[in-house]
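# Results of the structural survey
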Amino acid sequence: MPLFRSAAFLSLIGIALHAQTTPTTCTGLCLQQVQCPAGSSTTVTGTVYAPNGTDPIPNVTVYIPNAPVNALPAGITCPVPGELPSGSPLVGGFTAADGTFTLGNVPVGTDIPIVILAGKWRRQLTIPGTAACTNTVFNARFPKNQSEGDIPKFAVSTGSADAVECVLRKVGIEDTEFTNPSGTGRIQLFQASGSAGARIDTNTPSATTLIANQTTLNNYDILMLPCEGASYTEPAAQPANLVTYANGGGRVYGSHFAYEWLYQNPPFNSVVNWAGNLVTYGNTSLGATVDPSFPGGATLSKWLQLVGASTTPGKIDVSVVRKDFTAVNAPTQSWLTLDQTGGTIQLTFATPVGQTSGQCGRVLFNEYHVENPATTPRDKSFPSECSNSTMTPQEKLLEYSLFDLANNGGPATISPASIDFGSQAVGFTTAPQAFTIKNNSVFTATLASSGISGDFLITGNTCSSVIAGGTCSIQVAFRPTDLGRRTGALSINFGGTDLTAALSGTGVAPLSVSTNSLDFGNVDLGSPSSKIVTITNIAPGPVSVSSLSITGDFRFSPSCPATLTAGASCPVTITFTPSATGSRTGAFTGIGFATALTGNGVDFALTMSPGSGTVIAGLPKTYSLTTSPIAGFASPVTLKCSTDAPGTTCSIGNSSFTPSSPVTTTISLTTKSQYTVVGYGVANSFWLAGVSLGVTLLFLRRRITGSRLLS
């Protein structure tokens, strides 16, 4: 298990971490720790900066030693997972994205030692004094020179295009630390073998003398291979030495044309899909975006704004960009993508490539120039190739990346960064899902606090105490209280590290209905028509079948028990009886579901011409009767007429038809009575009458659902 991640670490708002190694016998500064009232502690807070004293540095280990601090080992090393830093730390913690830290339960007294550590960046300082149960503010920066503390040993192969040694100078390292390999400076220059860059003097050797000699190369903590201005085939055996160097714990940085060291060099040739020299964008400023989906990217996104390198979170402009690969292969970590294409232009990968544990080294590669001088730095004497202007956004990006590249260990991480629980019935709880917490520090850590928001709950955790480099899990379940998209967050403090993960899920109704809409079509006015829908319990437990309702010209008759067991169904009969012609609407609703109901009430109208009159004995008369459909009526109709007047008859011509459009037929009235005048008239319904006798016109409608006689 590597002590560093392939990315930087999650930023923190405030950090406090107690070491796990409280001595069995309390000695030294342990005797100066005091018990404070509940809710208070003797604390030290502050900010850790780069050597320039301006830019805060995240992910720095800060601790109070309780024993002498040993010298750092020379050359590349493979740290032991969980190994405490030198000096028997009494209390310790880490800096947040803004470089701030908090140490709790610190010793009380004067001249309290404190150490800041990031890989082989280290400085030992003294806090003038601390008071019991109060806070002391103490800010610190990393060393500018060896007299102030430890600086990683850099080997810089200077190229004629990208003078990245100038970034180290702007980070705050003094010029006296830049020397030839024969000198004692911590930043030692070599001239690239293809197209040489800056030099200390005429005695500055070729990078071939460095990379061709494995023993010499292994003496350096960080190797920088900036762009040489063109594509140069690297000398035989040197790329293989580079792999051996990284596998042993070395850290490698390369930019732009330095892809030549990687793309034909197994196993580095497998970290991406190399396709050298695809596109060159020239001296054009292009927008790029930091990937915030992993802790390191999230920290970098915040940090760029904090140091003035970005005005929008995660956005930065870069220039002189190339494309030399088409895709990143996991677990290689993409850090920066080009907005124009979405392709990765900065990445890191851990070494040895392909191993799941024991990865000691790391490689950082970017596809752009960090420095873009107006004139080439070829053969210029350091530091004449460097500008004295303030740091550009790209220079600050490299500043962050180099501290991250040098680091070992760091604050805890949580994975995955988010979980979507999918759909769940309202009021019911999903099976729990696990978040894994990894203790990346050199301290044993515990879960100090946990909280959760939204329709989610913590069902268990194994994070009471986790050894350095170990993992634990927190179980979370989803119990929606309402329908629709539900969101929340898991927030914990683990070993002083504030971690969050996004939670989401969708609340759905516990009952479902077989259809969301039901159309009864044309139904005769006043005649019932029925259809069946099915209600199903989709929840994992029993659900009460209650609160069913219906509106409009619709009624329902359920055949359901009071409670449906999980997965059970029941039928519901819905009946439509139109009360008026035309479109009729309603809804059948229950807990979380609704079925839209539609139907069309239809009828027909009868008109006779003339609408009234008399029939004289011996003089039969014929009249026109028109049957007109209303609202789409198209059912068969049979018309009949009869009379109880003596000697009077009534007959209809076309008595059976389907009036999809108005249909006109004839009615004949005849009377033989010589003393009676038969009268008739037509209102809402037909009637024929005389003084003492009458004639009645009847109509009979035949429907699919049955027949009905109306008068």
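Now for a quick tour of the structure. (Residues numbered from 1 in each chain as written. Predicted model: local features only at pLDDT ≥ 70, side-chain atom pairs only at ≥ 80, totals over all residues. Heavy atoms only, no water.)

## What about the pairing of strand E41 (residues 621-630)?
Put simply, the rule reads: We treat two strands as partners when DSSP finds at least two bridges between them. Where helices and strands are cited, they refer to DSSP runs of H or I of at least four residues and of E of at least two residues respectively, numbered from the N terminus.
Bridging between strand E39 (residues 593-609) and E41 involves seven bridges; their strand directions are antiparallel. Residue aspartate 603 lies in a different strand from E41, and its bridge partner there is isoleucine 630. Summarising the sheet, E41 and strand E45 (residues 663-671) pair through seven bridges and their orientation is antiparallel. Residue pairing in the sheet places threonine 622 in a bridge with serine 668 of E45.

## Re helix H6 (residues 393-406)
The test is simple: Here a helix's expected span is defined as the number of its residues, less one, multiplied by 1.5 Å. When accessible area is computed with a 1.4 Å probe and restricted to protein chains, residues below 20% of their type maximum are described as buried, those above 50% as exposed, and intermediate ones as partly exposed.
When the terminal C-alpha atoms of H6 are compared, their 20 Å separation across 14 residues agrees well with the 20 Å that a helix rising 1.5 Å per residue should span. Taking burial as the measure, the 14 residues of H6 include 13 buried ones, the bulk of the element.

## A short note on unusual backbone geometry
Of note, the amide linkage connecting proline 266 to proline 267 takes the cis form, showing an omega dihedral of 0°. With respect to the secondary-structure elements, proline 267 resides in the loop between strand E14 (251-255) and strand E15 (272-280). Proline 331 follows alanine 330 through a cis peptide bond whose omega is 10°. Mapping proline 331 onto the fold places it in the loop between strand E18 (322-328) and strand E19 (333-338). The phi torsion at histidine 256 lies on the positive side, around 55°, for a residue other than glycine. Structurally, histidine 256 can be placed in the loop between E14 and E15. Its identity is not glycine, yet aspartate 379 carries a phi of approximately 60°, on the positive side. By the secondary structure assignment, aspartate 379 is in the loop between strand E21 (361-366) and H6.

## Here we look at the state of the cysteines
Inclusion rule: In this description, a disulfide is simply a cysteine sulfur pair whose atoms lie within 2.5 Å.
Within this structure, the stated rule accounts for seven disulfides. The disulfide partner of cysteine 36 is cysteine 133, and the gap between their sulfur atoms is 2.2 Å. Torsion about the S-S bond of the cysteine 36 and cysteine 133 cystine: about -100°, corresponding to left-handed handedness. Here cysteine 36 is found in the loop between strand E1 (17-18) and strand E2 (43-49), whereas its partner cysteine 133 is found in the loop between strand E7 (121-130) and strand E8 (135-137), with 97 residues between them in sequence. The class of cysteine 36 is buried, set by a relative accessible area of 10%. Judged by relative accessible area, which is 26%, cysteine 133 ranks as partly exposed. The disulfide that involves cysteine 641 links it to cysteine 650, with 1.9 Å between the sulfurs. Residues cysteine 641 and cysteine 650 are joined through a disulfide that is left-handed, its torsion about the S-S bond being -110°. A residue is classified by how much of its surface remains accessible, and cysteine 641, at 14% relative accessible area, is buried.

## Concerning the packing of aromatic side chains
Any two aromatic rings considered together are summarised by their centre-to-centre distance and by the angle between their planes. Test applied: Aromatic rings from Phe, Tyr and Trp, with only the six-membered ring used for Trp, were paired whenever their centres fell within 6.5 Å, and each pair was classed as stacked if the ring planes differed by under 30 degrees, edge-to-face if by over 60, and tilted otherwise.
According to the stated counting rule, one finds 24 aromatic pairs in the structure shown. A centroid spacing of 5.9 Å and a plane angle of 65° characterise the contact between tryptophan 274 and phenylalanine 365, whose relative ring orientation is edge-to-face. Linking tryptophan 274 in strand E15 with phenylalanine 365 in strand E21, this pair joins segments that are 91 residues apart in sequence. Relative accessible area serves as the criterion here: at 16%, tryptophan 274 is assigned to the buried category. Ring geometry for phenylalanine 520 versus phenylalanine 554: centroids 5.7 Å apart, planes at 45°, classification tilted.

## As for the sheet that holds strand E29 (residues 497-508)
As a reminder, the rule being used: To get an axis, a line is fitted to the C-alpha atoms, and for a helix only the part in contact is used. The angle between two axes follows their N-to-C directions and goes from 0 to 180 degrees.
Taken together, the four strands give an open sheet; going across it, the order is E23-E29-E28-E25, and neighbouring strands pair in mixed fashion. Edge strands, defined here as strands with exactly one partner in the open sheet, are strand E23 (418-425) and strand E25 (447-452). Put simply, the sheet's adjacent strands are angled 20° from each other on average, direction ignored. Here six bridges tie E23 to E29, and the two strands are oriented parallel to one another. Directly across from serine 418, in E29, lies its bridge partner alanine 502.

## Points about the sheet that holds strand E37 (residues 569-576)
Neighbouring strands of a sheet are bound in pairs by backbone hydrogen bonds; such pairs are parallel or else antiparallel. Pairing in this open sheet of four strands is antiparallel, and the strands run E30-E32-E37-E35 from one edge to the other. For this open sheet the edge positions go to strand E30 (511-513) and strand E35 (554-558), each flanked by a neighbour on one side alone. When the angles between neighbouring strand axes are averaged without regard to direction, this sheet yields 30°. Direction of pairing for strand E32 (residues 529-537) relative to E37: antiparallel, over a ladder of eight bridges. Paired with serine 530 across the bridge in E37 is threonine 575.

## Re the pattern of salt bridges
For clarity, the threshold we go by: Between Lys or Arg on one side and Asp or Glu on the other, a salt bridge is scored when a side-chain nitrogen of the former is within 4 Å of a carboxyl oxygen of the latter.
Evaluated as defined, the whole model comprises 13 salt bridges. The partner of aspartate 553 in a salt bridge is arginine 584, and the shortest N-O contact between them spans 2.8 Å. Of this pair, aspartate 553 sits in the loop between strand E34 (549-550) and E35 while arginine 584 is found in strand E38 (residues 582-590), placing the two residues 31 residues apart along the sequence. For aspartate 553, a relative accessible area of 15% translates into the label buried. Residue arginine 584 is classed as partly exposed on the basis of its relative accessible area, which comes to 24%. Among the ionic contacts, a cluster of salt bridges with common partners joins Lys120, Arg186 and Asp221.

## With respect to the environment of valine 171
Operational definition: Residues are treated as being in contact if the distance between any of their heavy atoms lies within 4.5 Å.
Topologically, valine 171 is positioned in helix H1 (residues 165-171). Sequence separation between valine 171 and threonine 622 is 451 residues; the distance between their C-alpha atoms is 114 Å. The contacts of valine 171, once residues within four sequence positions are left out, are Ala50, Pro51, Asn52, Glu399 and Phe403.

## Re the pairing of E29
In this structure, strand E28 (residues 484-494) lies alongside E29, joined through eleven bridges in antiparallel fashion. Bridging across to E29, glycine 484 finds its partner in glycine 507.

## Considering the side chain of threonine 47
Its location among the elements puts threonine 47 in strand E2. What makes threonine 47 buried here is its relative accessible area of 11%. Once you skip the residues sitting within four places of it in the chain, threonine 47 turns out to touch Pro56, Asp98, Gly99, Thr100, Phe101, Phe138, Asn139 and Ala140.

## Let's talk about helix H4 (residues 238-247)
Counting buried residues in H4 gives seven out of ten residues, a clear majority hidden from the surface. Check the buried side of H4 and you find it contacts helix H2 (208-211), helix H3 (214-217), strand E13 (222-225), E14, strand E20 (344-351) and E21. Looking at the residues trailing H4, positive phi occurs at glycine 249, about 120°.

## A closer look at the nonpolar core
Note the following rule: Here, nonpolar core refers to any group of buried Ala, Val, Leu, Ile, Met, Phe, Trp, Tyr and Cys residues whose side-chain atoms link them within 4.5 Å.
Residues Ile64, Ile114, Trp121, Phe142, Leu168, Met224 and Leu336 are the most contacted members of the largest nonpolar core, which totals 70 residues. A per-element tally of this core places H6 first, with seven residues. Beyond its immediate sequence surroundings of up to four residues, leucine 168 is in contact with Phe154, Val156, Ile173, Phe178, Ile187, Met224 and Leu402. By size, the runner-up hydrophobic cluster in this structure holds 31 residues, among which are Ala161, Leu210, Tyr220 and Val252.

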